[in-house]
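So the chains spell out like this:
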Amino acid sequence: MNPISYWQRLKVAFQYVMPQIYMTQAAGWLAKQKRGAVTHFVIKAFAKKYNIDMSIAEKEKFSDYASFNEFFIRPLKENARPINQNPTALCCPADGRVSECGHIDDDRLLQAKGHFFSLNDLLAEDKDLTETFKNGEFITTYLSPRDYHRVHMPCDGTLRKMIYVPGDLFSVNPFLAKHVPNLFARNERVICVFDTEFGTMVQILVGATITASIGTVWAGVINPQRHNEVKVWTYEGESAVKLSKGQEMGWFQLGSTVINLFQAGQVQIADHLSIDEPVRMGEILALKK
């Protein structure tokens, strides 16, 4: 790994000392405010800074959004993100860039060059889940502030379990992923376990600094108020949640990361996907083996 500059080291150090939770709570409060012209000015400035394409949004005008949160999780126009219809293919769950992808070496996943983390840590020490995904495949998708922030299903699935894991709120941008060890396994996250025709699949929504909330379509906002313990929900019988390929399953209020896990021998990550590859929701993610 190349040496980093003084300012880069300072940037990393700041992540450890800044009041993550208070900054995140403040950002969440501000993002919910409905301040008319002031809100619209902030939205317009944000969209300009990050070069956000509003032509594909269901509501194209900044004045159509009462709060920054409404803007940030804006839905897209119908067919703005076509879903790959190959029945043997899984599709990308979100817009963003590939942070890492590939094979899980026993129970080790690559976070970034030189940094690994364990399935056991990522999955909140759930031994059964850890065994399920040993030697499987994974892909990590980073959502930047400019991206569409709703998360969708890669394939048809039946929700079996959801786990909320409290944790830190480090930024998850690519630079910090290279320099904060065990980043994704130490940050707050929501782990969703699905039964699919491609075997058991996990889709993890990872929190980050000023990611004020993580939500799912079946449970609403999961994290605020934040808890200090792992919480587990199971879904069986009448409580089973069935979602179809391409259907929305959750969202982030401000940018973060999605991690998908697949069992060994079930799928092959698409050949064209590599580190820093831009992806759009609905495009091919993997193929059934």
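It should be noted that the structure appears before, not after, this text.
Thresholds, definitions, all that
Residues numbered from 1 in each chain as written. Predicted model: local features only at pLDDT ≥ 70, side-chain atom pairs only at ≥ 80, totals over all residues. Heavy atoms only, no water. Helix = DSSP H or I, 4+ residues; strand = E, 2+ residues; numbered from the N terminus. Buried < 20%, exposed > 50% of the residue type's maximum accessible area, 1.4 Å probe, protein only. Areas by Shrake-Rupley, 256 points an atom, 1.4 Å probe, with all protein chains shown as cover. Expected span 1.5 Å × (residues − 1). Arc of directions from axis to C-beta. Core = buried A, V, L, I, M, F, W, Y, C linked by side-chain atoms within 4.5 Å. Phe/Tyr/Trp six-rings, centres within 6.5 Å; stacked < 30°, edge-to-face > 60°. Contact = heavy atoms within 4.5 Å. Polar contact = N/O pair within 3.5 Å; in protein donor to acceptor, adjacent residues only side chain to side chain. Pairing = 2+ DSSP bridges. Salt bridge = Lys/Arg side-chain N within 4 Å of Asp/Glu carboxyl O. Axes fitted to C-alpha atoms, helices over the stretch in contact; angles between N-to-C directions.

A.B. asks: How should the overall build of the chain be read in this particular structure?
C.D. replies: A count of helical and extended segments in the chain gives 8 helices and 18 strands. Put simply, the chain has 289 residues, and 52% of those count as buried. By element, 52% of the accessible surface of the chain is carried by carbon and sulfur atoms, the whole surface being about 13,600 Å².

A.B. asks: What am I meant to see in helix H3 (residues 37–49) here?
C.D. replies: Helical periodicity: at 3.6 residues per turn, an α-helix aligns residues three or four positions apart in one direction. Relative to the 18 Å expected for 13 residues at 1.5 Å per residue, H3 spans 18 Å between its end C-alpha atoms, a close match to the ideal helical length. Considered for burial, the residues of H3 that qualify are Thr 39, Ile 43, Phe 46 and Ala 47. Taken around the axis of H3, the buried residues stretch over an arc of 100 degrees, which confines them to a single face. Exposed side chains of H3 directed beyond 90 degrees from the buried face belong to Ala 37, Val 38, Phe 41, Lys 44, Lys 48 and Lys 49.

A.B. asks: Honestly, the nonpolar core in this entry has me stumped. Any pointers?
C.D. replies: As a rule of thumb, soluble globular proteins bury nonpolar side chains together. If you look at the biggest cluster of nonpolar residues, it comprises 35 residues, and the most contacted ones within it are Cys 192, Phe 194, Trp 218, Met 249 and Leu 273. Elements with a minimum of two residues in this core: strand E7 (157–165), strand E8 (189–196), strand E9 (199–206), strand E13 (241–243), strand E14 (248–253), strand E15 (257–262), strand E16 (267–269) and strand E18 (284–288).

A.B. asks: Looking at this structure, how should I read the packing of aromatic side chains?
C.D. replies: The description of an aromatic ring pair uses the distance of the two centres, along with the angle that the planes make with each other. For the coordinates displayed, the defined rule picks out 9 aromatic pairs. Each ring, one from Phe 117 and one from Phe 184, has its centre 6.0 Å from the other, and the planes form 70 degrees; the classification is edge-to-face. In this pair, Phe 117 sits in strand E4 (residues 115–118) while Phe 184 sits in helix H8 (residues 183–186), placing the two residues 67 residues apart along the sequence. Phe 184 shares its class with Phe 117; the two are buried. Judged by centre distance (6.2 Å) and plane angle (85 degrees), the ring pair of Phe 194 and Trp 218 falls under edge-to-face.

A.B. asks: Explain the side chain of Thr 141 here, please?
C.D. replies: Relative to the helices and strands, Thr 141 resides in strand E5 (residues 137–142). Owing to a relative accessible area of 2%, Thr 141 belongs among the buried residues under this scheme. With near-sequence residues (within four places) excluded, Thr 141 lies in contact with Ala 94, Asp 95, Gly 96, Arg 97, Ser 256, Thr 257, Val 258 and Val 279.

A.B. asks: Would you mind showing me how to read unusual backbone geometry here?
C.D. replies: Across residues other than glycine, the phi torsion is negative in most instances, and most of the peptide bonds are trans. At Glu 125, a residue that is not glycine, the phi angle is positive and equals roughly 60 degrees. Mapped onto the elements of the fold, Glu 125 is located in the loop between helix H5 (119–122) and helix H6 (127–133). Here Asn 135, not a glycine, exhibits a phi torsion of approximately 65 degrees, which is positive. Looking at the secondary structure, you find Asn 135 in the loop between H6 and E5. According to the relative accessible area criterion, Asn 135 is partly exposed, its value standing at 35%.

A.B. asks: For this particular structure, what's the right way to read the side chain of Asp 95?
C.D. replies: Considering the arrangement of structural elements, one finds Asp 95 in the loop between strand E1 (89–91) and strand E2 (96–103). Within the structure, the side chain of Asp 95 is placed 2.9 Å from the side chain of Arg 81, a separation counted as a polar contact. In terms of polar contacts, Asp 95 uses its side chain to reach the backbone amide nitrogen of Met 281, at 2.8 Å. Leaving out residues up to four positions away in the same chain, Asp 95 has contacts with Arg 81, Thr 141, Tyr 142, Leu 143, Asp 147, Tyr 148, Val 279, Arg 280 and Met 281.

A.B. asks: Would you mind showing me how to read the sheet that holds strand E11 (residues 220–221) here?
C.D. replies: Pairing between the strands of a sheet is mediated by backbone hydrogen bonds and can be parallel or antiparallel. Strand order in the open sheet made by the 4 strands is E6-E14-E10-E11, with antiparallel pairing throughout. Two strands lie at the open edges of the sheet, namely strand E6 (150–152) and E11, each paired on one side alone. Looking at chain direction, strand E10 (residues 213–216) and E11 are connected through 2 bridges and run antiparallel. Its bridge partner being in E11, Gly 215 is matched across the sheet by Val 221.

A.B. asks: Whenever I open this one, the pattern of salt bridges confuses me. Can you help?
C.D. replies: Pairing is possible between side chains of opposite charge, provided their charged atoms come close. Scanning all chains against the criterion turns up 8 salt bridges. Here Glu 60 makes a salt bridge to Lys 77, at a shortest N to O gap of 2.5 Å. Residue Glu 60 is located in the loop between H3 and helix H4 (68–72), and its partner Lys 77 is located in the loop between H4 and E1; the two are separated by 17 residues in the primary sequence. Judged by its relative accessible area of 33%, Lys 77 is partly exposed. Lys 134 is paired through a salt bridge with Glu 131; the nearest N and O atoms lie 3.0 Å apart.

A.B. asks: Would you explain the sheet that holds E1 in this entry?
C.D. replies: Spatially, E1-E18-E16 is the arrangement adopted by the 3 strands of the open sheet, whose pairing is antiparallel. Each having just a single partner strand, E1 and E16 make up the two edges of the open sheet. The sheet shows a mean angle of 30 degrees between the axes of neighbouring strands, taken without regard to direction. When E1 meets E18, the two strands line up antiparallel, connected through 3 bridges. The partner of Ala 89 across the bridge, within E18, is Leu 287.

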